[in-house]
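Chain and residue survey
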Amino acid sequence: MGPHPAVAAIRLAVRRVLHDILTDHPLGAGGGTAEPAAPAAGHPHARPPSPLVLVACSGGADSMALASALAFEAPRLGVRAGGITIDHGLQSGSDLRAEEVVLRLRALGLDPVESAAVTVGRAGGPEAAARDARYAALDAAAARHGAAAVLLGHTRDDQAETVLLGLARGSGIRSLSGMAAVSGADGRYRRPFLQLDRQTARKACLVQSLPVWDDPHNCDPAYTRSRLRHEGLPALEKALGKGVVEALARTAQLSRDDADALDTWARQAETGVRDASGRLECAKLYALPPAVRRRILRRVAIEAGAPAGALFARHIEEIDRLITGWRGQGAINLPGRVVAQRQGGRLVIRQG
């Protein structure tokens, strides 16, 4: 008799991602079983060690299910598996909970396992600040251990919430793309569960008797995502019927495909709108579709020094008016002390 369907689903999702990681790793795709012992270091036929994959685990159902699936699948594919938990220090006893998660990960057979304490700032609000601190710690851990990848437990439900948050911000198609299955430097972050719902992960923990911790912040109405999860999405499902989460996740994938295609078009078109000295020609920019033109403007502004996180749609629209609505207006001030101005039919974007 095989494993419970929920357990089989999470293991299959992780197995697929590990195969992708092995394909990207210098050792190649490997095989379906663990590697034989490698010759001693210095031996003429010595091979580099098998890739290390870390799981980021909060102790919640999603990440515990992910950790259990990684612990099961990694040895079968010749992959080393470790884990890391982040102590954000935002709740009383968070350090003790982090220690408990470390013990649970080690009990699954993961190694290395560590806890990283971070200091959460205030920039961008509490949720964004915690996210920034968490990813900085994960990046540092991956670099320290030489990890080929870090697995994250985001589910289809998380994806649906991310799409709705992007829609509320009115940030364009890239915001509607939600979270990528692969992201970060050199594809470091992998999200195996984006096609699985939250209940599947929780059920997998239940049938495996895995203890989980439910973060009270996930039910705190002070947080936007919590209100969306417990009030917004249920209201949408009540009004529109079941299937809203699946539809939003599908929208994310379709939007990502479109956004990626437009980004590629913009990169290819940028060379053709520059003159011999490399300056942007307004007439040629004007001839491009707005979605392509604005992507070029955004990239050039970032390259000039404007922080990507502070460069909003309204900034790009103002630059765009220098091309589409030219009336002799003055320079546009952008974040990062970057200035955009039109000079003799050319668009100049540089630090002022």
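Residues numbered from 1 in each chain as written. Predicted model: local features only at pLDDT ≥ 70, side-chain atom pairs only at ≥ 80, totals over all residues. Heavy atoms only, no water.

This brings us to the overall build of the chain. Of the regular secondary structure elements, the chain holds 12 helices and 10 strands. Its C-alpha atoms give the chain principal-axis dimensions of roughly 75 × 60 × 40 Å. Classification of the 352 residues of the chain by burial places 43% in the buried group. In the chain, once contacts between residues fewer than 6 apart in sequence are set aside, the share between residues at least 24 apart is 67%. Accessible surface computed for the chain: about 18100 Å², of which carbon and sulfur atoms make up 54%. Charge separation in the chain, taken as the distance between the mean sites of 45 positive and 36 negative side-chain charges, equals 5 Å. (Helix = DSSP H or I, 4+ residues; strand = E, 2+ residues; numbered from the N terminus. Buried < 20%, exposed > 50% of the residue type's maximum accessible area, 1.4 Å probe, protein only. Contact = heavy atoms within 4.5 Å. Areas by Shrake-Rupley, 256 points an atom, 1.4 Å probe, with all protein chains shown as cover. Lys, Arg positive; Asp, Glu negative; His and termini not counted. Charge placed at Lys NZ, Arg CZ, Asp CG, Glu CD.)

Here we have six strands laid out as an open sheet, ordered β3-β2-β1-β4-β6-β5, and mixed in their pairing. Each edge of the open sheet is held by one strand with a lone partner, namely β3 (113-117) and β5 (182-183). Here β5 runs beside strand β6 (residues 189-190); their pairing, made up of two bridges, is antiparallel. Each bridged residue has a counterpart across the sheet, and for V182 the counterpart in β6 is R190. (Pairing = 2+ DSSP bridges.)

In this structure, V14, L18, L70, L110, L151 and F193 are the most contacted members of the largest nonpolar core, which totals 37 residues. Sorting the residues of this core by element identifies α1 (5-24), β1 (52-56), α2 (61-73), α3 (94-107), β4 (149-151) and α7 (198-207) as the ones contributing at least two each. In terms of residues, this core owes the most to one element, α1, which gives nine residues. Membership of the second largest hydrophobic core comes to 26 residues, among which are V273, I323, L347 and I349. (Core = buried A, V, L, I, M, F, W, Y, C linked by side-chain atoms within 4.5 Å.)

This paragraph deals with the sheet that holds strand β7 (residues 280-281). Reading across from one edge, β7-β10-β9-β8 is the order of the four strands in this open sheet, with antiparallel pairing throughout. Across the chains shown, the open sheet's two edge strands, defined by having one partner strand only, are β7 and β8 (332-334). Where helix α11 (residues 290-304) meets the sheet, its contacts fall on β7, β8, β9 (338-343) and β10 (346-351), and the angle it forms with β10 comes to roughly 35°. Where helix α12 (residues 313-324) meets the sheet, it contacts β8, β9 and β10, and its direction lies at approximately 15° from that of β9. (Axes fitted to C-alpha atoms, helices over the stretch in contact; angles between N-to-C directions.)

A few words on the packing of helix α5 (residues 156-169) against helix α8 (residues 224-240). Where α5 meets α8, the closest approach of the two axes is 10 Å, and the angle between their N-to-C directions is 95°. Considering the angle they form, α5 stands roughly perpendicular to α8. Residues D158, E161, T162, L164 and L165 of α5 lie in contact with α8, whose contacting residues are T224, R225, L228, R229, L233 and L236. (Parallel < 35°, antiparallel > 145°, perpendicular 65-115°, else oblique.)

Right, let's get into helix α4 (residues 126-145). The end-to-end C-alpha separation of α4 is 29 Å, in line with the 28 Å expected for 20 residues at 1.5 Å each. Packed against the buried residues of α4 are β1, β2 (80-87), β3, β4 and β6. Downstream of α4 by a residue or two, G146 has a phi angle that is positive, lying close to 65°. (Expected span 1.5 Å × (residues − 1).)

With that settled, the discussion passes to the packing of α8 against helix α9 (residues 244-270). Two elements in contact, α8 and α9, have axes separated by 9 Å at closest approach and are oriented at 105°. Considered as vectors, α8 and α9 are oriented roughly perpendicular to each other. Along its contact with α8, which presents L233, L236, E237 and L240, the element α9 presents V244, V245 and L248. Residues that form the contact of α8 with α9 fall into these classes: six nonpolar, no polar and one charged. (Nonpolar A, V, L, I, M, F, W, Y, C, P; charged D, E, K, R; others polar.)

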